[in-house]
Amino acid sequence: MTSTIATRLRASAELIRLDLALGAGFFFVAGEILAYGGLPPVHLVVPGFLALFFISGSANISNDYFDREVDRINLPSRPLPSGRISVAGLWVLFSLFTAAGMICAALLGPLVLALVILFWCIALAYNITLKDAGFTGNLIVAGCIGMTIILGGITVGRLNGVVLTFAALAFFFDLGVEIAADTMDAEGDRQRSGRSLAQTRGRAHALRISGIWLAVFFLLTPLPFLMGWLGHDYLILVAVLDLWMIHCSMRLMRSRTIAEGRTQIRRLYLSWGLFVIVFTLTRLL
């Protein structure tokens, strides 16, 4: 019995994609902190984090359902194709996370609730059909990621150049990495007639386009320092980030196997997320 419960809990955590759900919640809080210039009131931070955590989790859960046939090819170890969780169990978890996300968003006011509902609808539409729209689908995902930071600023009633720049950085970073990730899923995409750049123009072309958007990301990183919004602490941190991430990006562009490419993509995600966490925490000192 204990092993069965543990298996289901691990499967649920994989469905939720804890790293992405936690990242969405923290990006929201980062937007609040960068806009507020310090730690906002707790009644804005806690519901905000939980709202984005649960809504992101619900989007990830539904994604596994609509990707179930593709995952049988690309990722057969995922909870649904491996049989570690049932379709009924998946939808129960989806409903609970959706309800919890909406309740937390409602605590932040009608505007935030309306925007969270909009994000939830976009995420569901993406999972159902827009994922097959190729580059348009990549733009939608990247736009939602960037908006999590802006939503944090909206919640505290302030938007400034730092918030908008970090939102743009999140957008361009995610756009580049999403395109690269599609090249790793090309075999499964053929199963559902996807129109990713890798499918329509080939792997090499898709990786070049990915590299272009990542280059835009790197070029944009010094802007807050050049504009005088942030100081040398930011410049030092972002210089270290850029050097490491450029190294990972170059290895991604030259990757010969799917496993190698996915390793570099994960390193990029972890590096960017860790940077946002570390830098945002320095704003509280």
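A short tour of the structure in this document, coming up.

Scoring rules and cut-offs
Residues numbered from 1 in each chain as written. Predicted model: local features only at pLDDT ≥ 70, side-chain atom pairs only at ≥ 80, totals over all residues. Heavy atoms only, no water. Helix = DSSP H or I, 4+ residues; strand = E, 2+ residues; numbered from the N terminus. Rg over C-alpha atoms; globule rule 2.2 N^0.38 Å. Buried < 20%, exposed > 50% of the residue type's maximum accessible area, 1.4 Å probe, protein only. Phe/Tyr/Trp six-rings, centres within 6.5 Å; stacked < 30°, edge-to-face > 60°. Contact = heavy atoms within 4.5 Å. Expected span 1.5 Å × (residues − 1). Core = buried A, V, L, I, M, F, W, Y, C linked by side-chain atoms within 4.5 Å.

Focus on the overall build of the chain
The number of helices and strands found in the chain is 14 helices and 0 strands. Element order for the chain, N to C, with α for helix and β for strand: α-α-α-α-α-α-α-α-α-α-α-α-α-α. The C-alpha atoms of the chain give 19 Å as radius of gyration, which agrees with the globular expectation for 285 residues (19 Å, within 12%). Dimensions of the chain, computed from the C-alpha atoms along their principal axes, are close to 50 × 45 × 35 Å. Within the span of the chain, comprising 285 residues, buried residues form 49% of the whole.

Details of the packing of aromatic side chains
Enumeration over the complete set of coordinates arrives at 26 aromatic pairs. Taken together, a centroid distance of 6.0 Å and an interplanar angle of 45° make the contact between Phe53 and Phe97 tilted. One end of the pair, Phe53, is in helix H3 (residues 42-66); the other, Phe97, is in helix H5 (residues 87-106), with 44 residues separating them in the sequence. The same class applies to Phe53 as to Phe97, namely buried.

Let's talk about the side chain of Ser210
Turning to its location among the elements, Ser210 is positioned in helix H11 (residues 203-220). With near-sequence residues (within four places) excluded, Ser210 lies in contact with Gly176, Val177, Ile179, Ala180 and Met253.

Comments concerning helix H7 (residues 135-155)
For H7, with 21 residues, the first-to-last C-alpha span of 30 Å sits near the 30 Å given by 1.5 Å per residue. Phi for Gly157, located one or two positions after H7, is positive at around 80°.

Focus on the environment of Asp71
Along the polypeptide, Asp71 turns up in helix H4 (residues 68-74). Counting along the chain gives 161 residues from Asp71 to His232, while the straight-line C-alpha distance between them is 45 Å. Non-local contacts of Asp71, meaning those with residues more than four positions away in its chain, are made with Asp64, Pro76, Arg78 and Pro81.

Here we look at the nonpolar core
Generally speaking, a soluble globular protein has its nonpolar side chains buried in company with each other. Formed by 67 residues in total, the largest nonpolar core has its most connected members in Phe166, Phe217, Trp272 and Phe275. If one sorts the elements of this core by residue count, helix H8 (residues 161-184) sits on top with 11 residues. Residues contacting Trp272, with those up to four places away along its chain left out, are Phe27, Phe166, Leu169, Ala170, Phe173, Phe217, Leu241 and Met245. Of all hydrophobic cores here, the second largest spans 6 residues; its members include Ala142, Leu175, Ile179 and Ala206.

That is the geometry; function is a separate question.
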